[in-house]
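Okay, here's what each chain looks like letter by letter:
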Amino acid sequence: MHAKTKPHGKKVSTYCYQCVNGPDLLTVEVIDGVATRIEPNFDLRGEHPADGKICVKPFGLIQKTYNPNRILHPMKRTNPKKGKDEDPGWVQISWDEALDLVAERLKKAREKGVLDENGNPRLAFTTGGAATPFKYMGSFPAFLVAWGPFDQSIGAGGTVKCYHSEHMFGELWHRAFTVLPDTPSCDYIISFGNNINASGGVTGVRRHADARARGMKRIQFEPHLSVTGATSSEWIPIRPQTDSAVLYAMLHVLMHETPLERLDVPFLRDYTSSPYLVGPNGFYLRDPESRKPLLWDLRSNRAVPYDTEGTEPALLGPFRVEEAIEVGPDEETWNHRNVEAPTALDKARALVSDKSPEWAEGISDVPAATIRRIANEFLEHARIGETVEIDGRVLPYRPVATVLGKSVNNGWGGYDCVWAHTMMQVLVGALEVPGGLLGSTVHLSGDTDWDRMLTVEPGEDGFMKHPFNPTSKEEWERHPVNRHAEQSITPMAGHNQGAQLFGATTLAWLRLQGRAGQNWPRPKPPDVWFVYKCNPAISFSETEKICEEMAQFPFIVAFAYQMDETVHFADVLLPEATDLESDQLLRIGGTHYFENHWVTEGWALRQAAVEPLGEAKDFSWIANQLARRLGMLEQYNSMINFGVCGVPLQGEEYDFSLAVDREHDQEEVWDAVCKAATFELTGGKEVLGLDWFREHGFKTRPFSRLHWYLFPLMQDMGLRFELPYQERYYRMGRELANRLHEEGIHWWDRQLEEYEPLPEWRDINRIYDEMIERDCGANPADFPFWALTARSMQYAWGANVSVQLMTELSENVFGHDGVVMNRGKAREMGIEDGDTIEVISPVASVTGTARLREGIRPDVVLMVAQFGQWKTPHARELKRPGINPLVPMNLDSLDAGGAMKDLTKVKIRRVGEAS
Amino acid sequence: MTRWVMVADLNRCVGCQTCTAACKHTNATLPQVQWRKVIDIEWGSYPDAHRLFMPVGCQHCADPPCMSVCPSTATGQREDGIVTIDYDLCIGCGYCMVACPYQARYKVTRPHFAYGDEPMPSEAVRFDEGRMGVAQKCTFCSDRVDEGLARGLTPGIDPEATPGCVNACIADALSFGDIEDENSNVSRLLEEKTWFQMHGELETETGFYYLWDGGKQEE
């Protein structure tokens, strides 16, 4: 019956890492050299949290490979004039010519010095997909690192479309670049717009479905009824950007309407800074001798250093301290005698003393009774006092969690929200213990993103050590290196290898446009800009201005899959082998990103299931060619040996290193990496090469669940979580203010206000209204709607808008094809489903099809995913509107961490009838 | 006796369309032909609105309305309950498409592909001329079931013997098995959970069951 539709070909094991929830291990069926079909890798059952299932995106990989719109030959621009309306005049060239062109530009840049006259790197590299493209770049990162300083600050959407405040503070507080509930044990989750069913990948979906099946409750606060709200116990349509009000009110319930004894007193007392005493200037009171923070010991009835043995620290004060010092910014010191001192917990209580549920109701549209009920349900479900044994160790069992979504946990108010929701956990002792809120991975506090525990070291004042960018007079970076000045202006971003990605990428664009950073020289565009798997012309904000700026860049090299809105401005196009056509070994398992907590860890191979189409080349080959042309083979090979491909090729007991003075093809590189990786994984018992991985796909070993939780390590090291009080952050902010003001810089003053030891509640609606008035010169009353966006599982991070299958599938999920509006509100405005409407923000307008629905607030419109393509084949014909052009990009929209939100106030106008 | 049935747990389904995609891969259906898909349903009114995802497709009815209207006897039924279409007998009249209460049938009269009239290599390899101009629908992957059984495997348990959509479901919402076996995975689910059949009032006795606890638990 199905002779042709059911052929059996060979199955090749590989992975999909199109989004941060990957890699998803899969098999590709290949018939006569043609990839035809994708399936989960069923061998992973029992090892993977979702039994090896794969998300919807990998099913698009076949079309992604054979898409007739692919660029399959190197090309160069012949029209020197760049512009949205200019025809680039592409002509096909040979690889030799293309690589020579690129190498020549790079050589010239190198001859002039890797930094330009402003001290900015002449080479810049931009990618998207939350850095997952690095998992497709083969050995190219070794080329970049061998090059020297390269600028990654010219963003494609990171810091606008990410969980930025959670990244910053999450890592500081509990080594949590992203956070997640311990879903397999959690009973009660309060979610403020966390869209786990779209953003959490296969493992997120599966773990939450399992949890629902055993009775876990999830309360979804969100302005629209998302795919996650759909499967939640309750949907509460909160007014946009008022999440912090509800969170503060819940803290009020727990701290002012609940006796302290009902909270987790031992956790607060022994594992947080709650008992530390705070001085009149807002810094900890310290012992004059040891300079250690003081707490009040109820046994001796006096203030003692926090680490004094045999004490019983008081949680609530205030107390009168005989003698103490405070240490402020720049070592400014105050001596105190007989000073009254509240505890850090007293200060946190005071912060929310007037933030009652009744107060929050008026702001958030959430009834006070609902807020109070949910706060109390959270407390009841926390099972304070109970324990559970995990792999032989008894740990607290606290099955409750609060989670935040994007645009709740970044930009203005992000600090407020992440502080408040982490405090919810702290009050009931549900941080980094079974059932509670956990971290996943790290990017700021270390390079060992596969094992966040390796980054934990004792630091000052009983907390974990953290790599802030220095703000002291001696060490502060006075002259910004990268174009977003992350070392100079965002101390929380740190300065490790990946830190650049978390600086103020918006500021880089604003500075290039001459719209910010007046005291510093206006940066020049990079001499050479590499772009790969990203499309800032669509994915950034105020995209028209981004296009104008890109047109000024002198030399853009695009690793180009197809023509798109960013490629349109490029000079040379290099077609790289795509997902099913190239090789790379990758770590899997352990704890990684959202809900990727595995019981195994190991390595998996992405391999060429089919030959690259046309002249597309594996990234490692391209890296090799460039390194050779630039005479950098030795540095490049050395970086591979050093471990840039995932694991050092030489260790104390093994040596698989490559000869540095000659070229190695990708097979040699990955064979060595496979061997080093398996040596490391098996403790030298097995050394498995590339051929083994080609056949078997992956290699794992058990990973203890005890390693999911940070608490035991904190306990062993005698460390405290740095909550509730943010003394270091406060001091750092004051120092940064001093440094900037010494340079005469005042344009960052608004951001400096955010460096508070406890975040005073901010009215984000008012902040945005003021921005419309001040920065856009418009009347906020003219923009009565919030325009929001939401992630789509079919598209998130996938760079797959041109994949027809995704179009077809996404049409089954409401809202992808237009602008979602509340039905009642729309009809009030004379708008019917299918009508064309114009969505107008203070900076731009877009048109789209009105899609009417009950599950959305009347004061909100929603545009799912990122559309608005005008060049990308297939996508441009969809005429789906995107929110990004509408989002105003200005200095005032940035928070202290340099992040902004991808939302805006808008007005709506009906412009056409449904056809 | 065996009767193969599908069970969809609506408390688990998140509407991600992974099953839709897997079905298209498994069965090489052309664009816009979705033997399996998940529909996105909303009910109630703001602010008391609700949203639900429901996998749909051929329900493999015990008393299939499509079969009784088929003038060419192309639509048939196997002993194990799977409703079939013999493409060689089908005359493409479309009566079955109208008769099916579940809108599960498709007809494609002319080849069309993801990017226009020309197939990509992956589409060319798997294109089946026999499906042009005839009714088509979900087969419960009867070929996988049959081949699996021949190899001693258990449909619904062993991936090689199980429909592609079930294999792919990331929420573990879809199950497939023999309802006549009281110890089977599907029998146990139907014993333990609350369920319904779509358009039960039509008495088609579908081979597709929906687990549903009635919606939100509000306290």
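Residues numbered from 1 in each chain as written. Chains lettered and ligands numbered in written order. Predicted model: local features only at pLDDT ≥ 70, side-chain atom pairs only at ≥ 80, totals over all residues.

1. A look at the overall build of chain A
Applicable threshold: Secondary structure follows DSSP: runs of H or I at least 4 residues long count as helices, runs of E at least 2 residues long count as strands, and numbering of each begins at the N terminus. In this description the radius of gyration comes from C-alpha coordinates, and the expected globular size is given by 2.2 Å times residues to the power 0.38. Neighbour density around each residue's C-beta defines its exposure: 20 or more other C-beta atoms within 10 Å make it buried, 12 or fewer make it exposed, and counts between make it partly exposed, where C-beta atoms are placed from the backbone. This entry defines residue contacts through backbone-placed C-beta atoms, with two residues in contact when those atoms are within 7 Å.
In terms of helices and strands, chain A carries 28 helices and 31 strands. For chain A, the C-alpha radius of gyration of 27 Å lies close to 29 Å, the compact-globule estimate for 915 residues. Summarising its shape, the C-alpha atoms of chain A cover approximately 80 × 75 × 65 Å along the three principal directions. A buried classification covers 63% of the 915 residues belonging to chain A. In chain A, the proportion of contacts linking residues at least 24 apart, taken out of those at least 6 apart, comes to 72%.

2. Quick word on the domain arrangement of chain A
Where interface size is given, it is often the accessible area lost as the parts come together that is meant. Residues and elements named next belong to chain A. Convention followed: Where a domain begins and ends is set by an automatic assignment or by a domain database. When residues are grouped by polarity, Ala, Val, Leu, Ile, Met, Phe, Trp, Tyr, Cys and Pro land in nonpolar, Asp, Glu, Lys and Arg in charged, and all others, Gly among them, in polar.
Here chain A is partitioned into domain 1 (75-162 + 461-576), domain 2 (275-342) and domain 3 (764-912). The centre of domain 1, based on its C-alpha atoms, is set 47 Å off from the matching centre of domain 2. Per-class residue counts for the side of domain 1 that touches domain 2 are no nonpolar, two polar and two charged.

3. Focus: the interface of chain B and chain A
Across the contact, 49 residues belong to chain B and 52 residues belong to chain A. Broken down by secondary-structure element, the contributors of at least two residues to the side of chain B that touches chain A are α1 (18-27), β2 (37-45), β3 (48-56), α4 (121-126) and α6 (164-168) of chain B.

4. Some words on the sheet that holds strand β1 (residues 10-16) of chain A
All names here are of chain A. The condition is simple: By this definition, two strands are paired if DSSP reports at least two bridges between them. With axes taken as lines fitted to C-alpha atoms, and helix axes fitted only over the stretch in contact, angles between N-to-C directions fall between 0 and 180 degrees.
Pairing within the open sheet is antiparallel, and its three strands lie in the order β1-β2-β3. Pairing within the sheet leaves two strands with one partner each, and these edge strands are β1 and β3 (34-40). Between one strand axis and the next, the sheet turns through 35° on average, direction left out of account.

5. Thoughts on the environment of Thr402 of chain A
Residues and elements named next belong to chain A. Relative to the helices and strands, Thr402 resides in strand β18 (residues 400-404). Given 28 C-beta atoms within 10 Å, Thr402 falls into the buried group. In the structure, Thr402 is positioned 21 residues away from Met423 in sequence and 9.7 Å away in space, judged by C-alpha atoms. When residues no more than four places from it in sequence are discounted, the contact partners of Thr402 are Ile190, His421, Met424, Gln425 and Leu437.

6. Observations concerning the sheet that holds strand β25 (residues 698-702) of chain A
Residue and element names in this part refer to chain A. The three strands are arranged β23-β24-β25 in an open sheet whose pairing can be described as antiparallel. Since the sheet does not close on itself, it has two edges, and those belong to β23 (584-592) and β25, each with one partner. Within the sheet, the average angular offset between the axes of one strand and its neighbour, ignoring direction, is 15°. With eight bridges connecting them, β23 and strand β24 (residues 596-606) associate as antiparallel partners. Each residue of the ladder has a partner; that of Thr591, found in β24, is His597.

7. Topic: the nonpolar core
Within soluble globular proteins, side chains that are nonpolar tend to cluster in buried spots. Residues and elements named next belong to chain A. What counts here: Structurally, a nonpolar core is described as a collection of buried Ala, Val, Leu, Ile, Met, Phe, Trp, Tyr and Cys residues joined by way of C-beta atoms within 7 Å.
The biggest cluster of nonpolar side chains holds 343 residues, and the ones touching the most others in it are Met250, Leu277, Val673, Ala787 and Val861. With ten residues, helix α8 (residues 243-256) is the single largest residue contributor to this core. Each residue touching Val861, except ones within four places of it in the same chain, is listed here: Phe785, Ala787, Val819, Val820, Met821, Val839, Val906 and Ile908.

8. Observations concerning unusual backbone geometry
The step from Gly317 of chain A to Pro318 of chain A runs through a cis peptide bond, and the omega angle for that step is 5°. Relative to the assigned elements, Pro318 of chain A resides in the loop between β13 (302-305) and β14 (319-327). The phi torsion at Asp391 of chain A lies on the positive side, around 45°, for a residue other than glycine. With respect to the element layout, Asp391 of chain A can be found in the loop between β16 (387-390) and β17 (393-396). Even without being glycine, Ala28 of chain B reaches a positive phi, approximately 50°. Inspection of the secondary structure puts Ala28 of chain B in the loop between α1 and β2.

9. Overview of helix α5 (residues 142-150) of chain B
All names here are of chain B. Test applied: Here, the arc refers to the directions that run from the helix axis to the C-beta atoms.
Every buried residue of α5 is listed here: Ser142, Arg144, Val145 and Gly148. Viewed along the axis of α5, the buried residues span an arc of 160°, placing them on a single side of the element. For α5, the secondary structure elements touched by its buried residues are β1 (4-9).

10. Re helix α19 (residues 633-644) of chain A
Residue and element names in this part refer to chain A. Among all positions in α19, only Tyr636, Asn637, Met639, Ile640, Asn641 and Val644 are buried. The inward-facing, buried residues of α19 abut α3 (140-147), α18 (619-629) and α20 (666-682). At the C-terminal side of α19, Gly646 shows a positive phi close to 120°.

11. With respect to the pairing of strand β27 (residues 819-822) of chain A
Residue and element names in this part refer to chain A. Across the two faces of β27 the burial is the same, with Val819 and Met821 and Val820 and Asn822 all buried. By the bridge criterion, four bridges tie β27 to strand β29 (residues 845-853) in an arrangement that is parallel. Across the sheet, Met821 pairs through a bridge with Leu852, a residue of β29.

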